[in-house]
Amino acid sequence: MQLQRKIDQLFIEQQRDWEQLRAGTEQLDHINVKEFNWGNELKVDIQFNPSRIESVSAKVDKSNIEKRPCFLCEKNRPKVQSGIPFLDKYIILLNPFPILRNHLTITLHSHVPQRIRKKTGDMLTLAELLPDYIVFYNGPKCGASAPDHFHLQAGLKSPILMAGENELRSCLVIESTSKSEVEERFEDVYKYLYSRQPEEEEPLFNLIAFVENNRYVLHIFPRKAHRPRQFYEEGKRQLLVSPGAIDMAGLIITVREEDFNKIRKEEIVDIYSQVSMPII
């Protein structure tokens, strides 16, 4: 809880000194959300969050990434942005374009690609130290707008983000009282997913980790596509939805009001069917 208290104090200080963060946090108070239900147990929320348009529509191909300065490197971050050291190799920063309450970005000091293998222990340690939070990871082709710089994200827990398996998309759940056991089982899953996608530098997936009832929980969302075809459509057929971990968990982010208004259950089912990889 000590780290959580430090983060709470950081929010107080940064909202006082950083106008962009203050505006982003205040926007969450007025954000529109609508709910779709499939029976009593399964639901998906749609959030209208225009501040996320740069992240959702980011061009993450190698050419475009190489042209722009990395916004996670210290030299390129806003001077007013400060953070909290973590494990002597990360810094915990406040996200000025939040999706969740207390949205954090946990950035590795080194500018190395977005690859989670051998770092799941760090992710689980952070979840342990932040018992009120989920910690999540977007793969380089699964929602990360900075695939060239390793980072995790976190935000306050909510039931929809901890729901796990449902019939709309695949979710593998690893749960144990032992952190090392979760790491070992994830490595087995990683190897299996890599065997399904050997052409990729990292298999496509998203992760959500948290600690509940003294148990480490890791949700793995295997992916077969970065974005659905609706993302690339034109005119009225376009839906600017680019799923990351939060979307896969059940909170789909829309950045245009027209998309928020027109998305229907059929599109939600179709989007998940396109990007989620079935596991047999």
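Residues numbered from 1 in each chain as written. Predicted model: local features only at pLDDT ≥ 70, side-chain atom pairs only at ≥ 80, totals over all residues. Heavy atoms only, no water.

1. Quick word on the sheet that holds strand β4 (residues 90-94)
Taken in spatial order, the eight strands make up an open sheet running β3-β4-β5-β7-β6-β9-β10-β8, and their pairing is antiparallel. On the outer flanks of this sheet lie β3 (84-86) and β8 (172-176), each paired with one strand and no other. Averaged over all pairs of adjacent strands, the angle between their axes in this sheet comes to 25 degrees, without regard to strand direction. Two elements, β8 and strand β10 (residues 215-222), share five bridges in a ladder whose sense is antiparallel. Counterpart to V173 in the pairing with β10 is H219. On the sheet, helix α1 (residues 2-17) packs against β3, β4, β5 (104-108) and β6 (133-138) and is oriented at approximately 50 degrees with respect to β4. (Pairing = 2+ DSSP bridges. Helix = DSSP H or I, 4+ residues; strand = E, 2+ residues; numbered from the N terminus. Axes fitted to C-alpha atoms, helices over the stretch in contact; angles between N-to-C directions. Contact = heavy atoms within 4.5 Å.)

2. Side note on the state of the cysteines
All told, the structure shown has zero disulfides when counted by the stated rule. Free cysteine C142: the closest other cysteine sulfur is in C171, separated by 14 Å. Residue classification places C142 among the buried positions, given a relative accessible area of 1%. What makes C171 buried here is its relative accessible area of 6%. (Disulfide = S-S within 2.5 Å. Buried < 20%, exposed > 50% of the residue type's maximum accessible area, 1.4 Å probe, protein only.)

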